Amino acid sequence: MEASQFYILLSIIILLIIAIFAFFIRKDKKEKKLTPLAGVAFAFVLAGIIFGDSRLVSYSLMGIGVLLAIIDMIRKLKKR
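Residues numbered from 1 in each chain as written. Predicted model: local features only at pLDDT ≥ 70, side-chain atom pairs only at ≥ 80, totals over all residues. Heavy atoms only, no water.

(A) Main features of the packing of helix 2 (residues 36-50) against helix 3 (residues 55-79). Where helix 2 contacts helix 3, the two axes come as close as 7 Å, and the packing angle between them is 160 degrees. With respect to helix 3, the axis of helix 2 lies roughly antiparallel. In this structure, helix 2 crosses over helix 3, and the sense of that crossing is left-handed. Residues L37, A38, V40, A41, F44, V45, A47, G48 and I49 of helix 2 touch helix 3, and the partners they reach there are S58, L61, M62, I64, G65, V66, L68, A69, I71, D72 and R75. Within the contact of helix 2 with helix 3, the residues separate by chemical class into 15 nonpolar, three polar and two charged. (Axes fitted to C-alpha atoms, helices over the stretch in contact; angles between N-to-C directions. Helix = DSSP H or I, 4+ residues; strand = E, 2+ residues; numbered from the N terminus. Parallel < 35°, antiparallel > 145°, perpendicular 65-115°, else oblique. Left-handed = near helix turned anticlockwise from the far one by under 90°. Contact = heavy atoms within 4.5 Å. Nonpolar A, V, L, I, M, F, W, Y, C, P; charged D, E, K, R; others polar.)

Structure follows, in structure tokens:
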């Protein structure tokens, strides 16, 4: 296993652990659902990590994911 493959695997495992903590271990009992736009943003970031062989594709996918997450945050702030 090459070093880059190890880092990709490690990143995926860490993201899964964070997702488990975020969804199952909460202080408040209110159910906070993930918005569809946030889900798509998360999928783009994961795809960017998975397709890490090509830097252009990887960074583009991650950038799209971050941009969608920022748009989702702005939309949530405007609703308040």
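Having seen the model, we can carry on.
(B) Representation of the packing of helix 1 (residues 3-24) against helix 2 in the model. Following both chains from N to C, one finds helix 1 and helix 2 inclined at 155 degrees, their axes separated by 9 Å at the closest point. With respect to their mutual orientation, helix 1 and helix 2 come out roughly antiparallel. Listed contacts from helix 2 to I8, S11, I12 and L15 of helix 1 are L46, I49 and I50.

(C) Spatial organisation of the side chain of D72. Among the structural elements, D72 can be located in helix 3. Residue classification places D72 among the buried residues on the basis of a relative accessible area of 7%. When residues no more than four places from it in sequence are discounted, the contact partners of D72 are T35, L37 and A38. (Buried < 20%, exposed > 50% of the residue type's maximum accessible area, 1.4 Å probe, protein only.)

(D) Here's a closer look at the environment of S4. On the secondary structure map, S4 appears in helix 1. Considered as a pair, S4 and I14 are ten residues apart in the sequence and their alpha carbons are 15 Å apart.

(E) Spatial organisation of the pattern of salt bridges. Taken as a whole and judged by the stated rule, the model has one salt bridge. Note that D72 is salt-bridged to K76, the shortest N-O span being 4.0 Å. With D72 and K76 both in helix 3 and four residues apart, the pair spans about one turn of that helix. (Salt bridge = Lys/Arg side-chain N within 4 Å of Asp/Glu carboxyl O.)

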